[in-house]
Amino acid sequence: MAVFACAGCGAELSVPVARVALPAHAFRNGGERYLPPVLPTGAYAVDSEPHGPPFRQWAEVGAEEAAARGVYAPVPHLSFGAPGRILLAPGDTFGTVLIPERCDGCCGSGGGVGPNLACARCGREVGTRIDDCHRWQAVWLEPDAVRELPVEGPDRLPGDGWTVPGLPPVEPLGWWSDHWSAAVGTALAHLLAASAGGPLVLPDGLVTAVFGRVPASVLPSPLAAGAPARTVALVGPGLDPGPGAGPGPGSSRRPGPAPDIALVPRHPWTGEPWQPSGGAVPVPLDAEVWTYLAAPGTASTTRLPEGAERDDPLPLRPHRLFQPDRWLLLDRLARLPAVREPWLRAVYDRLAADAPGYLS
């Protein structure tokens, strides 16, 4: 475990925290309501890519310089912030004071004008707090403003990390989960790249409901003549249909042929994707979402037991179809080198044109 301290005076700024993978919803904007902290207490994550201010316009930067920074298609603006920012839940930080003139949000801080937190002891700018409406609550510490200090304590929770509870796609009040919107939007970028421009055959059920509409709008139909379809399946712990692999414990699924593309979980600690057998192209997905898709019956529920539900009201349902986060889809797609291929760049341009305000 570690604590983070001011690089100027050494004052501690966080409780002991253990590292986890950066979640997809860390950059989700425009949620349905006020949102909770992006990370659970006792955890931190590191963003290996530049995000946050200062920003420069794509036209000012140019394609060559953008590519050198890992962005291969036009984006609304390009971050020139330092890579390696550290993400924590606001409740795990202390010893800082707000810089009022940099609190730029509507109902809180939006974090769009530079660091708004300073070390309470020496006044050094150390990070940015985000707690505006429709934003996940977060504190981002600047990598050059803090030091990581190791402390006694377990680095990881018990177990291998792959066993996580499934996260339902619909929240109790009937909203689609913001976590799902972000996770599916990010995974869709990798799924489109893995398609090689051909049609996709998705498994029936919830996978098609949340993943199917975007590929159907920009890729050929599986019924198109002369277009070989690629099959997509869930693959991961206890669920690997590769050669010689059978269903995992507690699974009712039978082994089948290996798919061309595998929706696999990202390890919750490291972010590394599960490696499927059989040569399938892996498409990483947040582990809690993957677990629910792979075994929806194992998710926690507040429903009464079977046979006693006559007086229990039915759960609320969303009033609209599931919408993956288009901005996160486009942001991730722009960072995949494959987007430089003409067919995928055409897909990107079409999706960007259909995302209101994305490039305007």
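A quick note: this is a predicted structure, and the numbers were derived from the prediction, not measured.

## Remarks on the sheet that holds strand E13 (residues 230–234)
Consideration 1: Taken in spatial order, the four strands of this open sheet run E12-E13-E14-E15, and their pairing is parallel. Pairing within the sheet leaves two strands with one partner each, and these edge strands are strand E12 (200–201) and strand E15 (281–286).
Consideration 2: One ladder, built from six bridges, connects strand E14 (residues 261–266) with E15; its direction is parallel. Paired with Arg-266 across the bridge in E15 is Asp-286.
Consideration 3: Along the sheet, helix H3 (residues 178–194) contacts E12, E13, E14 and E15; its crossing angle with E15, the most-contacted strand, is approximately 170°.
Consideration 4: In the packing of helix H6 (residues 287–294) onto the sheet, the strands contacted are E13, E14 and E15, and the crossing angle to E15 comes to about 105°.

## Here's the deal with the nonpolar core
Note that soluble globular proteins tend to have their nonpolar side chains buried in a common cluster.
Consideration 1: The biggest cluster of nonpolar side chains holds 53 residues, and the ones touching the most others in it are Leu-191, Leu-192, Phe-211, Tyr-348 and Leu-351.
Consideration 2: With nine residues, the single largest contributor to this core is H3.
Consideration 3: Leave out the neighbours within four places in its chain, and Leu-191 touches Leu-200, Leu-202, Phe-211, Pro-215, Val-232, Ile-261 and Val-283.
Consideration 4: Formed by 15 residues, the second largest nonpolar core is a distinct cluster that contains Cys-6, Leu-13, Tyr-44 and Ile-86.

## Let's talk about the pattern of salt bridges
Consideration 1: Tallied over the full model, the rule gives twelve salt bridges.
Consideration 2: The shortest N-O distance in the salt bridge between Glu-60 and Arg-56 comes to 3.3 Å.
Consideration 3: Residue Asp-349 pairs with Arg-345 through a salt bridge whose shortest N-O separation is 2.9 Å. On the criterion of helical spacing, the pair formed by Asp-349 and Arg-345 is a turn pair, its members being four residues apart in helix H8 (residues 342–353).

## Details of the sheet that holds strand E2 (residues 18–19)
Consideration 1: Strands sit in the order E2-E3-E6-E10-E9-E8-E7 across an open sheet of seven strands; the sheet is mixed. Edge positions in the open sheet fall to E2 and strand E7 (96–98), since each of these has one partner strand only.
Consideration 2: In terms of strand pairing, strand E9 (residues 125–130) meets strand E10 (residues 138–141) through four bridges, oriented antiparallel. If you follow Arg-129 over to E10, its bridge partner there is Val-139.

## Some details on H8
Consideration 1: When the terminal C-alpha atoms of H8 are compared, their 16 Å separation across twelve residues agrees well with the 16 Å that a helix rising 1.5 Å per residue should span.
Consideration 2: Inspection of H8 places Leu-344, Val-347, Tyr-348, Leu-351 and Ala-352 among the buried residues, and these make up the whole buried set. Along the axis of H8, the buried positions cluster into a sector of 130°, meaning they face one direction only. Across from the buried face of H8, at angles greater than 90 degrees, the exposed residues are Pro-342 and Ala-353.
Consideration 3: Those residues of H8 that are buried are in contact with H3, helix H5 (213–218) and helix H7 (326–334).

## Quick look at H3
Consideration 1: If you check H3, its first and last C-alpha atoms are 25 Å apart, about what 17 residues at 1.5 Å a residue would give, namely 24 Å.
Consideration 2: Counting buried positions along H3 gives 15 out of 17 residues, so the element sits mostly inside the fold.
Consideration 3: One side-chain oxygen at the N-terminal end of H3 lies 3.1 Å from the backbone nitrogen of His-179; it belongs to Ser-177.
Consideration 4: Just downstream of H3 lies Ala-196, where phi reads positive at about 60°.

Basis of the calculations
- Residues numbered from 1 in each chain as written.
- Predicted model: local features only at pLDDT ≥ 70, side-chain atom pairs only at ≥ 80, totals over all residues.
- Heavy atoms only, no water.
- Pairing = 2+ DSSP bridges.
- Helix = DSSP H or I, 4+ residues; strand = E, 2+ residues; numbered from the N terminus.
- Contact = heavy atoms within 4.5 Å.
- Axes fitted to C-alpha atoms, helices over the stretch in contact; angles between N-to-C directions.
- Core = buried A, V, L, I, M, F, W, Y, C linked by side-chain atoms within 4.5 Å.
- Buried < 20%, exposed > 50% of the residue type's maximum accessible area, 1.4 Å probe, protein only.
- Salt bridge = Lys/Arg side-chain N within 4 Å of Asp/Glu carboxyl O.
- Expected span 1.5 Å × (residues − 1).
- Arc of directions from axis to C-beta.
- Polar contact = N/O pair within 3.5 Å; in protein donor to acceptor, adjacent residues only side chain to side chain.

Note that every value here comes from positions in space, so none of it alone points to a role or purpose.
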